[in-house]
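Fold and geometry: a report
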Amino acid sequence: MKRKQNKGQPIYPPHEWEIVEEQFLPVYNLRNETIFTLGNGYLGLRGNFEEGDAGLAGTSVEGTYINGFYETVELKYPEIAYGYPETSQTMLNVTNGKVIKLYLEDEEFQMFSGELLTYQRRLDLRNGVLHRDLVWRSPAGREVKVAITRLVSFTNKHVAAIAYEVTPLNFSGKVRLFSALDGDVQNLQAGTDPRVGSHLTGRALEVLAQNVNDEGGALLQQTKKTGFYLACAMRNQVEGPLTQVQTERLPLKVGVSYEFAGEAGQAIRLYKYLAYVTAKDGASDLCPKAESLAWQAGKAGFTRLQQDQQDYLAAFWAQADIEIKGDPLVQQGLRFNAFHLLQAVGKDGVTNIGAKGLTGEGYEGHYFWDTEIYMIPFFINSNPAISKALLTYRYHTLDQARKRALAIGLTRGALYPWRTIGGDECSAFFPAGTAQYHINADIAYAIQKYVEFTGDREFLFTYGAEILFETARLWLEIGAFNPRKDNRFCINVVTGPDEYTALVDNNFYTNLMAREHLKYAVQTAAWMEAEASAEYQNLCAKIGLDAEEIALWRRVAEHMYLPYDPGLKIYAQDDTFLDKPVWDLATTPPEKFPLLLHYHPLLIYRAQVCKQPDVLLALFLLSAQFTTAEKKRNYDYYERITTHDSSLSPSIFSIVASEIGYHDKAYDYFTSTVRLDLDDYNGNTKDGLHMACMAGSWLCVVYGFAGMRAANGVLSFAPYLPEAWQEYRFNVAYQGRIIHVVVNKEGTSYQLREGESLVIFHHQEKRVLTTKCE
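Quick summary incoming for the structure in this document. (Residues numbered from 1 in each chain as written. Predicted model: local features only at pLDDT ≥ 70, side-chain atom pairs only at ≥ 80, totals over all residues. Heavy atoms only, no water.)

Next up on the list: the sheet that holds strand β7 (residues 107–108). The strand order across the open sheet built from 5 strands is β7-β6-β12-β17-β16, with neighbouring strands paired in antiparallel fashion. Because the sheet does not close on itself, it has two edges, and the strands there are β7 and β16 (242–250). Sheet topology note: the strand β6 (residues 100–104)/strand β12 (residues 173–182) ladder contains 5 bridges and is antiparallel. Along β12, the bridge assignment pairs L104 with V175. (Pairing = 2+ DSSP bridges. Helix = DSSP H or I, 4+ residues; strand = E, 2+ residues; numbered from the N terminus.)

We now examine the sheet that holds strand β27 (residues 737–744). Sheet strands pair by backbone hydrogen bonding; their relative direction is either parallel or antiparallel. Strand order in the open sheet formed by 4 strands is β19-β26-β27-β28, with antiparallel pairing between adjacent strands. Unpaired on one side and paired on the other, β19 (323–325) and β28 (747–754) mark the two borders of the sheet. Between one strand and the next, the sheet's axes are offset by a mean angle of 20 degrees, whatever the strand orientation. Pairing of strand β26 (residues 727–734) with β27 involves 8 bridges; the strand directions are antiparallel. (Axes fitted to C-alpha atoms, helices over the stretch in contact; angles between N-to-C directions.)

This next bit is on the layout of surface pockets. Where empty space is left in the structure can be found by rolling a water-sized probe over the atoms. Considering only enclosed or pocket space, the second largest pocket measures out at about 1300 Å³ in volume. Forming the boundary of the second largest pocket are 50 residues, of which A624, R709, A710, A711 and V714 lie nearest the centre. Elements represented by at least two residues in the lining of the second largest pocket include exactly α5 (370–382), α8 (438–454), α10 (508–531), α14 (615–621), α16 (649–659), α18 (691–705), β24 (709–711) and β25 (714–717). Per element, the largest residue contribution to the lining of the second largest pocket is 7 residues, and it comes from α8. (1 Å grid on protein atoms, 1.4 Å probe; cavity = no way out; pocket = protein on both sides within 12 Å on 5 of 7 lines; lining within 4 Å. Points joined across faces, edges and corners; volume = space filled by probe spheres on them.)

Here the focus is empty space enclosed by the protein. Tallied over the entire structure, the rule returns 6 cavities of 30 Å³ or more. For the largest cavity, the calculated volume is near 70 Å³. As for the largest cavity, its lining consists of 13 residues, and the residues nearest its centre are I322, L334, A338, F378 and W698. Elements supplying a minimum of two residues to the lining of the largest cavity: α3 (302–320), α4 (328–344) and α18. The class makeup of the residues in the lining of the largest cavity is 9 nonpolar, 2 polar and 2 charged. Each pocket or cavity is described by its volume, and for the second largest cavity that value is around 60 Å³. What lines the second largest cavity is simply G47, N48, F49, E50, R121, L130, H131, R132, I148 and R150. When residues of the lining of the second largest cavity are traced back to their parent elements, those giving at least two are β9 (129–137) and β10 (143–152). It is β9 that provides the largest number of residues to the lining of the second largest cavity, a total of 3 residues. (Nonpolar A, V, L, I, M, F, W, Y, C, P; charged D, E, K, R; others polar.)

With that settled, the discussion passes to the packing of aromatic side chains. Enumeration according to the criterion identifies 51 aromatic pairs in this entry. Between F378 and W698, the ring centres sit 5.8 Å apart and the planes meet at 85 degrees, which makes this aromatic pair edge-to-face. Taken together, the residues span a long stretch of sequence, with F378 in helix α5 and W698 in helix α18 at a distance of 320 residues. Accessibility expressed as a relative area gives 2% for F378, which makes it buried. Grouping aromatic residues by their ring pairs yields a cluster made of W17, F316, W317, F378, F379, F620, W698 and Y703. Taking the ring centre of F481 as reference, the NZ or CZ of R555 above it sits at 4.1 Å. Here the guanidinium or amino end of R640 rests over the ring plane of Y637, the centre of that ring lying 4.6 Å away. (Phe/Tyr/Trp six-rings, centres within 6.5 Å; stacked < 30°, edge-to-face > 60°. Buried < 20%, exposed > 50% of the residue type's maximum accessible area, 1.4 Å probe, protein only. Lys NZ or Arg CZ within 6 Å of the ring centre and 35° of its normal.)

Structure representation (structure tokens):
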């Protein structure tokens, strides 16, 4: 059932390359702090004002986050059981380096006092900077023009910078700028919504050392439990009639005050360069390193940092951009989403991408299966090296996955955590956490697609194979051949992607994806033995793998049980799902959604109701294995019982609707995806952006409207043009080639821009693509 969303007028004007706030309204400040976040995959700065928030309580969440930098917190259970995780991990809110306070004589500038004569804030998606421009009249009548530009560097992940310009308009007198590093920070506390906040109390970071001088300062801090170290340094450069410099040192803060003899019409400037550096063991050189990075950034200058940012993003947009003619709101939404995905993703092989990225504290900064199923496809296309880094992260946490398998009573293999940062399971609710064993198959699927699109067998043999083999062992540990089901292989007591149904037998998605996982593991073993024999033998010796075990994987895959209802001619979500009464969504009051916040899980589990696609997701991911008629029957059945309480849901319904010819529905679900955060459809953008949903909007266009599929070494398209559009175009990266696709009212064209000639299929018609020089 398509639940109605609040799709009124767009919140932000439809600029194709900018998000613009034209009026400051405190009631929307939390939301806007999320929207105007800047980040680079390592460091994220929420869109807080430099001067802080002196408004009403609850109108701001000050946030600076470092991907992979976390504190542990003990998980408390009223009743404990064997194998429960003992601790969780929370991405920390760290040192606030954004602090710049402005004083006109003795009056402090604040957005919540005085009068704003003009105001505009702009997120420049093309160039990766945030601008705030305003004219403010103080309570005493002094008027000042303020222009602020902020960036978080894509080319040096440790660096952020702020250019702060002040121009007195109707007075001459004392102007003071105070630049600081504030270590008095803590995380948002969890409330009644389990998706928001953490269980950390008080400050998790202790200050170990501090430096301050006329040009800047530094703080060295350490987490109380994990023992991680963080150094934050600032370098300040000023321009203007400076009269006095004064340093400030407090137990949790260092700052520098710059006083100027301001003159009407004459600009005063402060350039602030920030560097954040972390270490998990040892901190002897951390502060000097951070200070050196801040000083180097200052030496390069703000203009150079801006140019580097622009050059980096020009390369990104050249490959990642989807151009739309006919709907500027969609165009803006797609670019906003792609930009934030780039800002959120870890690019170093030891971090991943959180469900909320680096925009807020929802889900505590945890990584989920969203990465492999929703986000990696976007990065495979826009920047394959990032997808490789995300999968490499899984390799670096494989040992913890092995330990987790043993912790829950398995004898071998690996089980990846449902939610984590550092690699350990952080989910305290096993029915919708650890029981989602499909995480193993999701990772295997992502490896398969990465190799299929890039041809990177070296990664497969060096990292991917070990992941595939160890995770494949899980299925034989938790499943068995069942003589009561024609000796088919069954996997019992699992939870699929739909978290409104838990601890079931033979979840269709899980069984199907496990089958694909095992088949690919067998195929990889054969490839590796033939092409990298020495490495294969070493790996087999390392993990104790032999031909007999591989043969068993093949047998299990060939005999995997998939629940099917011959009367309805649909795949059952699990063995008993279709036996349950259907939840009456039509009479459920709108205020009772999402169901998980208003009904006990047991009540939900007893009904046919889906939070998000389960069977349909499998039909999309393994599309070539099913007929159009099968997809239609399953779509028609499961759509009417799906609440879409998960933001992961609409994009998959859109893609499958495109495939089966339900074009109006496909576009409707797409519009629920592409501006979900930008127009705050769910009313929770303030808690952080929905990263998987953002990636889903890209999937809707490329896999939905354009019908792209890759299977068995064949790349195919089945494009159509949505009625609201005049044209759309995008690039595809496939096995060392760049293909430019244009769909408009005249038809579809494919241009091979890079790489060797390639055979593709367009609506099952064979086409040969060549470059002009061939």
